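# Coordinates in review
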Amino acid sequence: MEKRLASFMAIAIAILLANALITNWLFPPKPKPAAQKMAEAQAAADAAAKEAAPEPDVDGTDKAAASETSDPATPEAAAETPQVDAEPETPEERITLGSIDEASGYRLLVTLVNRGAAVERIELANPQYLDQEERSGYLGHLAAFDAENQPGAVVGVVGRGTPAEKAGLKAGDIITALGPAKITSGAALEAAMRRTRPGQSLSIGVVREGKEQTLQTELSRPPMEVIRPSNLPELLKTWERSDPDMLRPSWDESRPSFLLTLQQLDDRRLGEAAGELRGLNLEEGTWELVEGASDAQAEFRRAVGDTGLVIVKRYELEKARGAKDPPGYHLTLTVEIRNTSPSARQVAYRLNGPNGLPTEGWWYSSKLNRSGWGGAGPRDVVSGTWEDGSVSSSLTSTAIIVAAEAHEAHRGANVAYLGIDAQFFSAVMLPKKSKPEENWIHQWQPAVIGPIPKESDKTRLANVSFQLTSDTVALEPTASVSHAYTIFAGPKKPDIVAAYGLSDLIYYGWFGQVARPMAGLLHIFYALIRNYGLAIILLTVLVRSAMMPLSRKQAMSAQKMQELQPELKKLQDKYKNDMEARSKAQRELFLKHNYNPLGGCLLMFIQLPIFIGLYRSLSADVALRGAPLLWDGGWCSNLAAPDMLFRWNFLPNFLLGWLGPYFNLLPVITIVLFIWQQKMFMPPPTDEQAAMQQKMMQYMMVFIGVMFFKVPSGLCIYFIASSLWGLAERKLLPKSNAAAAAPVPAVAPTARSSSAPGGNGSGRAGDRKKQRDRR
């Protein structure tokens, strides 16, 4: 019996593992072949561009990769097509808006770069939203580069409120030492910073205007970056031991956000491929930073050659209106095109969305996809369109975008918002309209930015964004067109997203009606005791107390079943060969003692929506992100993530992909309690079949533990508290002795019984008589 059971379990485990390996290795999901197809198309386009060897554009750049169409009706019309002369380039520079110091009234620190007049980085000032994966010290993002004539790193920008500003660092300073470490380059500065820790006092050796000096500062914890240059190669290298050839190059991985170029200039139109119209260099060229920039506003301007067109991009940062969280997590981007020429111009622009959102928790996060059955990725494209006076929301997952299934443009939709959605943070563009039916967006489509991992199970890490194209506008001489966008970049906290009309960003699935009250109760308990771990335990006590009448009934039913086991065993022996008689006798026994075999199922069905609702609320509640069970920085310091006791990179890669890079203790404790509870209160088996079923249940508990190995640690705390409550409840129940001296029910034998009196015989004699009768 034991050998058969062991063999069965070994075969079952082998089948499950083989199925997972075959599915992931031999039959990968759709993104992998599509990514290969995209790579082959890119290689073919590069080869064709080299063979064509076009003449360089007037500004010295080669834009042959861009698809451009021009259909002049006559040679005269072709002659009228304007020649776009090269615009003189200005030096690259950066500027910051806002501050990382929350006391300043700003919620964001925004770093802008004049190359493309784009947003390079957005950091959150609220200390509640710190980076949960980066544990080195934070000096501030300096955009440092190598000094030319001496060893050192040149500071490119200093953000307000950062430890760098508090130390007195300025743009243009050359850092030559960081503590005891000598700094010889920008890379050396970055490596030295990775060896620091928050709270560390640090001396900084700098050269300013040829004079050496030493500055002092104290490092802090890194803030959360909602938008940042993509770090996908570094992320993958820290995840597993793999060769650097695992990535396929595509666009530049550090491409900033909100780049803009012209989609149409008179009769010249940009095709589907990435790039710009010949002669333009709006995305890669440097724009003029207009004088008068402040800590809340910056304006960039660029003339489009001799066309008489001037394009303006203006960023204005909103200041918070109060001490708490209401709006302040946004800036306004205004795009303006002016026609200063004596001729009318037909123009349309293409604007890229945000990219580089955090991939925090990509190996355990479980964001739901409201647009289908498939799961969402660490960052996905979200959109809202106006339909019959209300906004209809949808989500396009990273896997679908990488598979090139969603690259077809969405035309004719009245866009309410477009954005990129991560687990706890989002960056969303909302067109500023005077009325909902107003619309100037001709089309939009998702896009992949930067490298795509070759492995199919890592394609969900691809950096995705979108491109929108404006309607074509006829600009008369001295006329202009202006469009404004509100750019929300912040946490998915209910009151914050509601202030921007983005409540749909928080999605709980089918059990939202349960998840929202559970989250509300959890926050009430936290307000009382200021610890989310204890708040979850109090929530468990509340839930189990409310269900106590049902759970007590279930426990008494299980206890009664245990007490009836001797009588059931007697019935098993008495009616060994007559299943119908035995079933009838069992029903009479259960009826006599008022026992319902299905009575314990009711509690399970009631608990299921509570369990799923709590799971969804813990997975989507940004308040639990970074909330520790005991203390910050130690074990279980993020209740919205697994507890991560220690890292186990010694495991094979396929197990790392299945279980994650950390050993988690709380799921193990949960499963041990489940098995212990089962062993203590499960009635003893009455036959071999029941014994096998109980053993199977124990093994199933282990499988469940593997499946839930990466759930939030807050959910494991709920499981543990609930199991301990159940154990205490069962132990405190009085013994009913329901089956004491209970007689075995007498059941009339059936005609088919071979062992009952009056049958066709018993034992081998009865069997031989049956065989003779059949013959």
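Anything mentioned here points back to the structure above.
Along each chain, residue indices are assigned from 1 in the same order as the chain's sequence is written. Reporting in this predicted model follows two pLDDT cut-offs: at least 70 for local features of residues, and 80 or more for side-chain atom pairs to be given and counted; totals over whole chains, interfaces and linings ignore these cut-offs and use all residues. In computing side-chain values, all of the structure's heavy atoms are included and hydrogens and water are not.

### Considering the overall build of the chain
- Summing up its helical and strand segments, the chain has 19 helices and 31 strands in all.
- Each residue's exposure class comes from its accessible area (1.4 Å probe, protein chains only) as a fraction of the maximum for that residue type: buried when under 20%, exposed when over 50%, partly exposed otherwise. For the chain, the proportion of its 775 residues judged to be buried stands at 49%.
- Contacts are residue-level and defined by heavy atoms, with any inter-residue pair within 4.5 Å sufficient. Counting only contacts in the chain whose residues sit at least 6 apart along the sequence, the fraction spanning at least 24 positions is 70%.
- We get accessible surface area from the Shrake-Rupley algorithm with a probe of 1.4 Å; when it comes to residues, only the shown protein chains can shield them. Accessible surface, the chain: about 36,900 Å² in total, of which carbon and sulfur atoms supply 57%. In this description a helix means any DSSP run of H or I spanning at least four residues, a strand means any run of E spanning at least two, and both kinds are numbered starting from the N terminus.

### Examining the packing of aromatic side chains
- Any pair of Phe, Tyr and Trp rings, taking the six-membered ring for Trp, is counted once the centres come within 6.5 Å. Such a pair is stacked with planes under 30 degrees apart, edge-to-face with planes over 60 apart, and tilted for the rest. Inspection of the entire model under this criterion finds 13 aromatic pairs.
- Aromatic pair Trp440 and Tyr485: ring centres 5.9 Å apart, planes at 75°, arrangement edge-to-face. With Trp440 in the loop between β24 (425-431) and β25 (441-449) and Tyr485 in strand β29 (residues 480-491), this residue pair connects regions lying 45 residues apart in the sequence.
- Residue classification places Trp440 among the buried positions, given a relative accessible area of 7%.
- With a relative accessible area of 1%, Tyr485 lands in the buried category.
- With centroids separated by 5.1 Å and ring planes inclined at 25°, the aromatic side chains of Phe646 and Phe663 adopt a geometry described as stacked. In this pair, Phe646 is assigned in strand β30 (residues 646-647) and Phe663 in strand β31 (residues 662-663), connecting sequence segments 17 residues apart.
- The buried category is assigned to Phe663, whose relative accessible area is 19%.
- One residue, Lys313, lies across the ring of Trp287, its end atom 5.7 Å from the ring centre. Our definition puts a charge over a ring when NZ of Lys or CZ of Arg is within 6 Å of the ring centre and also within 35 degrees of the ring normal.

### A short note on the pattern of salt bridges
- The term salt bridge refers to a side-chain nitrogen of Lys or Arg lying within 4 Å of a carboxyl oxygen of Asp or Glu. Summed over all chains, the structure comprises 20 salt bridges.
- For the salt bridge of Asp421 with Lys492, the shortest nitrogen-to-oxygen distance reads 3.0 Å. Taken together, the residues Asp421 in strand β23 (residues 415-422) and Lys492 in the loop between β29 and α8 (494-499) connect sequence positions 71 residues apart.
- When its relative accessible area of 5% is taken as the criterion, Lys492 is described as buried.
- Between Glu567 and Lys570 there is a salt bridge, with its nearest N and O atoms 3.7 Å apart. You can see Glu567 and its partner Lys570 sitting in helix α12 (residues 565-574), three residues apart, about one turn around the helix.
- By relative accessible area, which is 45% here, Lys570 ends up partly exposed.
- The network of salt bridges with shared partners includes Glu299, Arg301, Arg314, Glu336 and Arg338.

### A closer look at the sheet that holds strand β11 (residues 225-227)
- Here a strand pair is declared whenever DSSP counts at least two bridges between the two strands. With antiparallel pairing, the four strands of this open sheet are ordered in space as β2-β3-β4-β11. Unpaired on one side and paired on the other, β2 (94-98) and β11 mark the two borders of the sheet. The sheet shows a mean angle of 20° between the axes of neighbouring strands, direction not considered. Between N-to-C directions, angles cover 0 to 180 degrees, with each direction set by a line fitted to C-alpha atoms, over the stretch in contact for helices.

### Points about the pairing of strand β4 (residues 118-124)
- Taking burial as the measure, the seven residues of β4 include seven buried ones, the bulk of the element.
- By the bridge criterion, six bridges tie strand β3 (residues 108-113) to β4 in an arrangement that is antiparallel. The partner of Val110 across the bridge, within β4, is Ile122.
- In textbook terms, the turn of a hairpin is the stretch between consecutive antiparallel strands, and for β3 and β4 this stretch comprises four residues, one of which, Gly116, has a positive phi near 85°.

### Things to note about the sheet that holds strand β17 (residues 309-317)
- Reading across the sheet, the nine strands line up as β15-β16-β17-β18-β29-β24-β23-β20-β21 and stay open at both edges, with antiparallel pairing between neighbours. The open sheet has two edge strands, β15 (288-289) and β21 (390-396), and neither has a second partner.
- With seven bridges connecting them, strand β20 (residues 379-387) and β21 associate as antiparallel partners. Across the sheet, residue Val382 finds its bridge partner in β21, namely Leu395.

### Observations concerning the nonpolar core
- Among buried residues, the Ala, Val, Leu, Ile, Met, Phe, Trp, Tyr and Cys ones that are joined through side-chain atoms within 4.5 Å form a nonpolar core. Of all hydrophobic cores here, the largest spans 114 residues; its most connected members are Leu262, Tyr349 and Leu468.
- It is helix α18 (residues 713-732) that provides the largest number of residues to this core, a total of seven residues.
- Not counting residues within four places of it along the chain, the set of residues in contact with Leu468 comprises Tyr349, Arg350, Leu351, Leu418, Met429, Ile441, Gln443, Trp444 and Tyr485.
- Membership of the second largest hydrophobic core comes to 20 residues, among which are Leu139, Leu169, Ala181 and Val206.

### A short note on the packing of helix α10 (residues 532-546) against α18
- Orientation of α10 relative to α18, taken along the N-to-C sense of each, is 45°, at an axis distance of 9 Å. Considered as vectors, α10 and α18 are oriented oblique to each other. At the point where α10 passes α18, the crossing takes the right-handed sense. Every residue of α18 that contacts α10 at Gly533, Ile536, Ile537, Thr540, Val541, Val543, Arg544 and Ser545 is listed here: Gly714, Ile717, Tyr718, Ala721, Ser722, Trp725, Gly726 and Glu729.
- When residues are grouped by polarity, Ala, Val, Leu, Ile, Met, Phe, Trp, Tyr, Cys and Pro land in nonpolar, Asp, Glu, Lys and Arg in charged, and all others, Gly among them, in polar. Classifying every residue of the contact of α10 with α18 gives eight nonpolar, six polar and two charged. Angles below 35 degrees are treated as roughly parallel, those above 145 as roughly antiparallel, those between 65 and 115 as roughly perpendicular, and all remaining angles as oblique. Take the far helix as the reference: if the near one is turned anticlockwise from it by less than a right angle, the crossing is left-handed, and if turned clockwise, right-handed.

### Considering the state of the cysteines
- Two cysteine sulfur atoms make up a disulfide if the distance between them is within 2.5 Å. Inspection of every chain in the model, using the stated rule, returns zero disulfides.
- Free of any disulfide, Cys636 has its nearest cysteine sulfur in Cys716, 8.6 Å distant.

### Topic: the packing of α10 against helix α11 (residues 548-563)
- With their axes 5 Å apart at the nearest point, α10 and α11 run at an angle of 70° to one another. Relative to α11, the element α10 is oriented roughly perpendicular. Residues Arg544, Ser545 and Ala546 of α10 lie in contact with α11, whose contacting residues are Met548, Pro549 and Ser551.
- Here the residues of the contact of α10 with α11 are counted per class, giving three nonpolar, two polar and one charged.

### Some remarks on helix α5 (residues 186-194)
- Within the sequence span of α5, burial applies to Gly186, Leu189, Ala192 and Met193. Taken end-on, α5 shows its buried residues confined to a sector of 125°, consistent with a single buried face. Taking the helix axis as origin, the arc is that swept by the directions to the C-beta atoms.

### Points about the side chain of Thr261
- Turning to its location among the elements, Thr261 is positioned in strand β13 (residues 260-265).
- If we skip the residues at most four places from it in the chain, Thr261 touches Leu270, Gly275, Glu276, Leu280, Leu282, Glu283, Tyr349 and Arg350.

### Some remarks on the side chain of Glu360
- With respect to the helices and strands, Glu360 occurs in the loop between β19 (345-352) and β20.
- Residue classification places Glu360 among the buried positions, given a relative accessible area of 10%.
- Two N or O atoms form a polar contact when they lie within 3.5 Å of each other; inside protein one atom must be a possible hydrogen donor and the other a possible acceptor, and for residues adjacent in sequence the pair counts only when both atoms belong to side chains. A polar atom in the side chain of Glu360 sits 2.7 Å from the side chain of Arg625.
- Leave out the neighbours within four places in its chain, and Glu360 touches Gln132, Glu133, Met224, Phe424 and Arg625.

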